Structures are given as structure tokens and as C-alpha cells.
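So the chains spell out like this:
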Amino acid sequence: MSYNPWHGCHKISEGCVHCYMFRGDERYNRNPNDVHKTSSFKLPIQKDRSGKYKIPSNTTIFTCFTSDFFLEEADEWRKDVYHMMKERSDCHFFLTTKRIDRFHVSLPEDWGDGYPNVTIAVTIENQRQADLRLPIYTRLPIQHKCILLEPLLEKVDVRKYLDSIEELVVGGESGPEARPCDYAWVLDLREQALEKNINFTFKQTGANFIKDGKSYRLDRRFHASQAKKAQINLFYKRLSYQNEESV
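The paragraphs below set out a description of the structure included in this document. (Residues numbered from 1 in each chain as written. Predicted model: local features only at pLDDT ≥ 70, side-chain atom pairs only at ≥ 80, totals over all residues. Heavy atoms only, no water.)

### Some details on unusual backbone geometry
Each neighbour pair has its own omega, and for Glu 150 with Pro 151 the value is 0 degrees, a cis peptide bond. With respect to the element layout, Pro 151 can be found in the loop between β7 (144-149) and β8 (167-171). Backbone geometry at Asn 29 places phi at a positive 60 degrees, although glycine is not the residue there. Here Asn 29 lies in the loop between α1 (20-27) and β3 (36-37). For Asn 197, which is not glycine, the phi dihedral falls at a positive 55 degrees. (Helix = DSSP H or I, 4+ residues; strand = E, 2+ residues; numbered from the N terminus.)

### Quick look at helix α4 (residues 183-196)
For α4, spanning 14 residues, the distance from its first C-alpha to its last is 20 Å, which sits close to the expected 20 Å at 1.5 Å a residue. The complete set of buried residues in α4 reads Tyr 183, Val 186, Asp 188, Leu 189, Arg 190, Gln 192 and Ala 193. The N-cap of α4, judged by a side-chain oxygen 2.9 Å from the amide nitrogen of Ala 184 a few residues on, is Asp 182. Downstream of α4 by a residue or two, Asn 197 has a phi angle that is positive, lying close to 55 degrees. (Expected span 1.5 Å × (residues − 1). Buried < 20%, exposed > 50% of the residue type's maximum accessible area, 1.4 Å probe, protein only. Polar contact = N/O pair within 3.5 Å; in protein donor to acceptor, adjacent residues only side chain to side chain.)

### Observations regarding the side chain of Thr 66
Within the fold, Thr 66 resides in the loop between β4 (60-63) and α2 (75-87). Accessibility expressed as a relative area gives 17% for Thr 66, which makes it buried. Non-local contacts of Thr 66, meaning those with residues more than four positions away in its chain, are made with Asn 4, Trp 6, His 7, Gly 8 and Met 21. (Contact = heavy atoms within 4.5 Å.)

### Focus on the layout of surface pockets
Of the volumes computed, that of the largest pocket is approximately 1300 Å³. Lining of the largest pocket is provided by 47 residues; of these, Tyr 20, Phe 65, Leu 148, Glu 150 and Lys 203 occupy positions nearest its centre. A class-by-class count of the residues in the lining of the largest pocket yields 18 nonpolar, 18 polar and 11 charged. Estimates place the volume of the second largest pocket at around 170 Å³. Together, Tyr 183, Phe 202, Thr 205, Phe 209, Lys 211, Tyr 216, Leu 218, Gln 226, Ala 227 and Ala 230 line the second largest pocket. Only β11 (208-211) and α5 (223-229) provide two or more residues apiece to the lining of the second largest pocket. (1 Å grid on protein atoms, 1.4 Å probe; cavity = no way out; pocket = protein on both sides within 12 Å on 5 of 7 lines; lining within 4 Å. Points joined across faces, edges and corners; volume = space filled by probe spheres on them. Nonpolar A, V, L, I, M, F, W, Y, C, P; charged D, E, K, R; others polar.)

### Quick word on the sheet that holds strand β9 (residues 181-182)
The strand order β9-β11-β12 describes an open sheet built from three strands, whose pairing is mixed. Among the strands making up the open sheet, the edge pair consists of β9 and β12 (214-217). Note: β9 against β11, two bridges, orientation parallel. Considered in β11, the bridge of Cys 181 is made with Phe 209. (Pairing = 2+ DSSP bridges.)

### Notes on the packing of aromatic side chains
Counted according to the given criterion, the structure contains 13 aromatic pairs. Between Phe 103 and Trp 111, the aromatic rings sit 6.0 Å apart at their centres with planes inclined by 70 degrees, giving edge-to-face as the arrangement. Note on accessibility: Phe 103 and Trp 111 belong to one class, buried. When the centroid spacing of 4.8 Å and the interplanar angle of 45 degrees are considered together, the rings of Trp 111 and Tyr 115 count as tilted. (Phe/Tyr/Trp six-rings, centres within 6.5 Å; stacked < 30°, edge-to-face > 60°.)

Geometric values such as these leave the question of function open.
Right, dumping it as C-alpha cells:
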């Protein structure tokens with residue numbers, strides 16, 4: 001399920017240019033740069049009338065997907081979210097960031113080598129950002145690491161960063177101005193995952209997909225289904241945030 005403790009963000013790199021959150025806010029005349037707590041801030045620990053958590057055990061909670069978990073404005077709020085993550089050790093929290101350089105800000109004292117129920121994924125979109133973010137990321141005390149290459153804007157080589165990574169997730173860009181995603185780039189990343197025996201997921205094609213030199217414009221409702229039809233995913237290990245069976 002989705003959990004957005006705060007909303008709003010600021011564009012910082014090439015992958016942010018056509019951000020879906022910005023498109024949505026601008027469509028409804030909202031300011032996407034306005035960072036604020038949401039009414040769902042305490043959702044993970046909310047209980048029903050019987051005293052049971054509203055979110056059941058073993059739920060994967062996709063966290064902060066309309067902002068960035070390490071955004072500056074959220075430094076004080078983040079402390080409370082970490083506390084809720086620890087309290088809900090029976091659930092798995094999956095979050096992504098482009099600001100991995102701010103990982104240590106507001107980190108709880110008992111973090112150690114990472115909470116076992118938290119995956120922190122780094123988003124990269126091109127080789128430049130891979131070489132900026134991944135050298136930092138691979139050295140950090142995080143138990144579950146995933147690289148999210150979305151939107152994938154060019155061919156990217158991440159081989160030297162994969163020793164501590166559990167999964168690569170790849171996808172194109174959505175929206176009417178989507179930049180192209182070439183299937184050849186996707187297959188190359190699959191080979192990199194194959195070499196290291198780590199999971200690989202082709203999440204979605206994006207709206208501007210290239211295969212064998214031919215360009216395809218795809219409606220958003222077909223992005224995930226078309227990627228699934230490719231049947232190129234690799235599952236070596238069942239991860240806490242996945243429903244698929246391991247192979």
C-alpha cells in the first residue's frame with residue numbers, strides 16, 4: 001500500500017524534468033514545491049476500534065512516493081517516521097530517494113546496519129547520476145538495497161556498484177513529453193543483473209518506447225502490462241517487498 005507522510009518536492013536532476021507528481025499538482029493548480037505533512041502522517045500506527053493496527057502485518061508499505069524521504073524540509077518529521085518503522089517491524093517499508101547524500105541527517109541512534117524491515121532504493125536516470133549517487137549509496141549501512149533506474153534516459157553501466165544490491169528495477173518515463181526509453185538499454189541492464197545473480201524487474205515501458213529502432217507511443221494503462229509481456233524479469237531471491245515466488 002502507499003504511504004505519503006509528506007507531499008511536495010523540488011526538482012534536482014534530469015530525471016525530475018517531467019515528474020508525475022508535479023504534473024498532477026499543476027493540473028489541479030497546486031504548488032508542487034510546497035512541502036507539507038499530510039493527513040496520513042501517522043497511518044502506519046493508526047488503530048481501529050478494537051485496538052488493532054489498520055495496516056495488517058506483512059504489508060509492504062511504499063513510502064513517500066509524492067516527495068523525497070530525505071528532503072530538507074522533512075528533517076524533523078523523518079524522526080517520527082523512523083520511530084513508526086521500528087514500531088511496525090511486522091511490515092516492510094520501501095522508499096526511494098535521489099538525495100542519498102543526506103542519508104545521515106536525522107538517522108536514529110539505533111539504526112546500526114539498518115532496520116531489517118526497511119528497503120532504501122536509490123533512483124538514477126543516467127550514467128552521470130549513477131556515478132554521483134551510487135558510490136555514496138554502496139557504502140551506507142542499509143540492509144536492503146535496490147537501484148531504481150526510472151526514468152531510464154540512456155544506456156547505463158552499474159556493474160561496479162552491484163555487490164551489495166538485491167535488485168535492479170527499470171522503467172521508462174510517463175507523460176505526454178516522455179523522453180525515449182530504448183529496450184536495448186533495458187536488456188543491457190538485465191545482463192548486468194544476470195552477471196551478479198541479482199533480481200531484475202522490468203517495471204514499465206514508459207510512454208515513448210523504442211524497440212529494434214522503432215518508436216512506440218504507449219498509453220499509460222499499457223506501460224506495465226507490455227513490460228510484463230517481455231518476460232525478462234529475474235528472481236533469484238524472494239525479497240520482503242515482493243509478492244512473486246522466488247526461483
